[in-house]
Amino acid sequence: MLAGRRILLVIGGGIAAYKSLDLIRRLTEQGAEVVPVLTGAAEEFVTALSVSALAGHRVYRDLFDLTDESEMGHIRLTRSTDLAVVAPATANLMARMSAGMATDLASTLLLATNRPILVAPAMNVEMWRNAATQRNVETLRADGVVVVGPEEGDMACGEFGPGRMAEPESILAAITAVLRDGPLKGRRILVTSGPTHEPIDPVRYLANRSSGLQGTAIANALAGFGAEVEFVTGPASAPMPSGCRIVQVTTAEEMMSAVMAALPVDAAVMAAAVADWRPDRVSESKISKNPSVASDAGSSRGQGARDGLAFGCVENPDILATLSNRTRSRPRIIVGFAAETEDIVERAKAKRRRKGCDWIVANDVSPETGVMGGPDNQVHLVTESAVETWPRQSKTEVALALADRLAKALSAPG
Ligand code: C5P
């Protein structure tokens, strides 16, 4: 989460400038305010109109624009932001930065800023490999500039190699990491998210409707509060959170191993909708709907195929209960989730005691609430001493409120 953060985004001139539009969208989605600056060359690739429409902010273009100078001088422009990002950073712009030149608005702002600077280089392979560029990048790194990418791949010019601008997703993750600061700084927090898929055969599985949106929002909020987040996710449809260490798993058993491997952590938020059961055996080959084919295959492939789709179920390990009942390296605060369709609070209270966790975030997932897969949530926070009913709000707001509660609880003497 980048709520309340102001980012000065310098867009350099290069074909990768179109990706900066996606970066702006992602930054604003995370709650950041983007102050865009276009170099003269950038205007050959993207228009000021599209940039300002996406950023919801006016675009700064010319050092000698008198209106800019009287309304917001270039020094003040840099002081009011938290971070300067240059994406794409051309070879020319990086050369000017490393030499300390101030020949236009972008380079002047980058020289004048006293905030961290992050650059995402993008250029032709040979321009990147050129000794002068490599020298300039080293100088920038030595000056404390964070360099993200470039990545290797096919280039717009038809060549292949390093020079492609890092994907907006990676730049966003790097931005979140640079800005990591806040009440959870120095805390390690584990978040589980998404559904698990329990295989029946190589193509079929048991699953549930969890989108992973709430878990992702929680991971983003915790990272935005400065926590080092271990994000263990099943196959979710929600986009991955930024600035977190991501471990992707498929089954409940894999999630259990990933959770244990992430310890020790200060707190754990178990938002995953873990499948309660898994098929008692997994067919190695696809089960045919034609029983004779299935049994033929079964005889030739040993324990592989089976007759039709009949299978029993075994219970999956309860990750939340296992973690809560640990005596060694038990997280100080463990938050479980209770997705219910009736008697929400009573069931959540019972679940808190049964599982041995500290808090339960309980919500009504009846289809008419639109919570499952939707943008909003209405939750009750059940602790040992109280039940709080929070208003219906966006999943991002729920996540921010929970991150705030965790920050306060972890800072209390334990
Ligand atoms: O028992 P129930 O599935 O309702 O419990 C929900 C809570 O328990 C969630 O926090 C979920 O992440 C966690 N859970 C788990 N392992 C399971 C089942 C649920 O960690 N096998």
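Structure's up top.
Computed from a predicted structure; not experimentally measured. (Residues numbered from 1 in each chain as written. Predicted model: local features only at pLDDT ≥ 70, side-chain atom pairs only at ≥ 80, totals over all residues. Heavy atoms only, no water.)

Trainee: If you had to explain the packing of helix α5 (residues 91-99) against helix α8 (residues 131-142) to someone new, which residues and values would you point to?
Mentor: Two numbers describe a pair of packed helices, the interaxial angle and the distance between the axes. As a packed pair, α5 and α8 sit with axes 9 Å apart at the nearest point and diverge in direction by 50°. As the angle between them shows, α5 and α8 are arranged oblique. The element α5 and its partner α8 pack so that their crossing is left-handed. From α5, Ala91, Met94, Ala95, Met97 and Ser98 reach across to α8, where they touch Thr133, Asn136, Val137, Thr139 and Leu140. (Axes fitted to C-alpha atoms, helices over the stretch in contact; angles between N-to-C directions. Helix = DSSP H or I, 4+ residues; strand = E, 2+ residues; numbered from the N terminus. Parallel < 35°, antiparallel > 145°, perpendicular 65-115°, else oblique. Left-handed = near helix turned anticlockwise from the far one by under 90°. Contact = heavy atoms within 4.5 Å.)

Trainee: Quick one: what's the story with helix α6 (residues 105-112), residue by residue and with numbers?
Mentor: What sets the pattern is the α-helix's 3.6 residues per turn: residues three or four places apart point alike. The buried count for α6 comes to seven of eight residues, which makes it a mostly enclosed element. By the burial criterion, the buried members of α6 are Leu105, Ala106, Ser107, Thr108, Leu109, Leu110 and Ala112. Residues of α6 that are buried sit in contact with β1 (6-11), β2 (33-38), α4 (74-79), β3 (83-89), α5 and β4 (117-121). (Buried < 20%, exposed > 50% of the residue type's maximum accessible area, 1.4 Å probe, protein only.)

Trainee: Explain a nonpolar patch on the surface to me, using residue names and the numbers behind them.
Mentor: Judged by side-chain polarity, Ile15, Tyr18 and Phe45 come together as a nonpolar surface patch covering roughly 340 Å² of accessible area. Secondary-structure assignment places Tyr18 in helix α1 (residues 17-29). (Patch = residues over 30% accessible without salt bridge, like charges linked within 9 Å, V, L, I, M, F, W, Y side chains within 5 Å. Areas by Shrake-Rupley, 256 points an atom, 1.4 Å probe, with all protein chains shown as cover. Salt bridge = Lys/Arg side-chain N within 4 Å of Asp/Glu carboxyl O.)

Trainee: Now, about the pairing of β4: what can you tell me, with residues and values included?
Mentor: The element β4 is largely enclosed, with a buried count of five among its five residues. Burial of the side chains of β4 extends over both faces: Ile117, Val119 and Pro121 are buried on one face and Leu118 and Ala120 on the other. As judged from the four bridges shared by β3 and β4, these two strands associate in the parallel manner. Across the sheet, the residue bridging to Ala84 is Ile117, located in β4. Pairing between β4 and strand β5 (residues 146-147): two bridges, direction parallel. (Pairing = 2+ DSSP bridges.)

Trainee: Please provide a residue-by-residue account of the layout of surface pockets, values included.
Mentor: Taken as a whole, the largest pocket encloses approximately 1,100 Å³ of empty space. Around the largest pocket, the lining comprises 43 residues; the ones closest to its centre are Ala272, Ala273, Val274, Asp276 and Ala339. When residues of the lining of the largest pocket are traced back to their parent elements, those giving at least two are β8 (188-193), α10 (213-224), α13 (319-324), β16 (333-340) and α14 (344-355). In terms of residue count, the dominant contributor to the lining of the largest pocket is β16 (five residues). Counted by class, the lining of the largest pocket contains 21 nonpolar, 14 polar and eight charged residues. When its volume is computed, the second largest pocket comes out at roughly 590 Å³. Lining the second largest pocket we find 26 residues, and of these Gln30, Thr216, Asn220, Pro239 and Met240 sit closest to its centre. When residues of the lining of the second largest pocket are traced back to their parent elements, those giving at least two are α1, α9 (168-179), α10 and α15 (395-411). Element by element, the count of residues in the lining of the second largest pocket is highest for α10, at four residues. (1 Å grid on protein atoms, 1.4 Å probe; cavity = no way out; pocket = protein on both sides within 12 Å on 5 of 7 lines; lining within 4 Å. Points joined across faces, edges and corners; volume = space filled by probe spheres on them. Nonpolar A, V, L, I, M, F, W, Y, C, P; charged D, E, K, R; others polar.)

Trainee: I'd love a proper account of the pairing of β1, names of residues and values included.
Mentor: Of all six residues in β1, six are buried; the element is thus mostly enclosed. Side chains Arg6, Leu8 and Val10 of β1 all project onto a buried face; the interleaved residues Ile7, Leu9 and Ile11 project onto the opposite face, where all are buried too. With six bridges joining them, β1 and β2 adopt parallel strand pairing. Residue Leu8 lies in a different strand from β2, and its bridge partner there is Val35. After leaving β1, the chain enters α1 and then returns to the sheet as β2, a path that is right-handed. Pairing analysis gives four bridges linking β1 to β3, with the strands arranged parallel. Bridging across to β3, Leu8 finds its partner in Ala84. (Right-handed = clockwise from strand over helix to strand, strands pointing away.)

Trainee: Quick rundown of the site of the ligand? Include the residues and the values.
Mentor: Residues in close proximity to the ligand include Met270, Ala272, Val274, Asp276, Pro317, Asp318, Ile319, Leu320, Gly336, Phe337, Lys351 and Lys355, which together make up its full environment. Contacts to the ligand include Leu320, whose backbone N or O atom sits 2.8 Å from an oxygen atom. Separating an oxygen atom of the ligand from a side-chain N or O atom of Lys351 is a distance of 2.4 Å. For the ligand, the protein covers 87% of the area, taking 450 Å² as the surface of the free molecule. Using a 2 Å cut-off from the grid points, one finds that the ligand occupies the largest pocket. Among the secondary structure elements, those contributing two or more residues to the shell around the ligand are α13, β16 and α14. (Near = heavy atom within 4 Å. Polar contact = N/O pair within 3.5 Å; in protein donor to acceptor, adjacent residues only side chain to side chain. Sits in = over half its atoms within 2 Å of the grid points.)

Trainee: So, the pattern of salt bridges: which residues are in play, and what are the values?
Mentor: Here the idea is simple: oppositely charged side chains can pair when their charged atoms come close. Enumeration over the complete set of coordinates arrives at 24 salt bridges. Ionic pairing is found between Asp22 and Arg26, a salt bridge with its closest N-O pair at 3.3 Å. Remark: Arg26 and Asp22 occur in helix α1; sequence separation between them is four residues, near one turn of the helix. Residue Arg26 is classed as partly exposed on the basis of its relative accessible area, which comes to 22%. Sharing partners across several salt bridges, the network here consists of Asp22, Arg25, Arg26 and Glu29.

Trainee: How would you sum up the side chain of Asn363? Please name residues and give values.
Mentor: When you line up the elements, Asn363 lands in strand β17 (residues 359-364). In contact with Asn363, other than residues within four places in its own chain, are Ala338, Ala339, Glu340, Ile344, Val371, Asn377, Gln378 and Val379.

Trainee: So, the environment of Met165: which residues are in play, and what are the values?
Mentor: Turning to its location among the elements, Met165 is positioned in the loop between β7 (160-164) and α9. On a C-alpha basis, the gap between Met165 and Ser20 in space is 9.7 Å, while along the polypeptide they are 145 residues apart. Ignoring anything within four residues of it in the chain, the contact list for Met165 reads Ala16, Lys19, Ser20, Ala87, Pro88, Ala120, Pro121, Ala122, Glu151 and Ile171.

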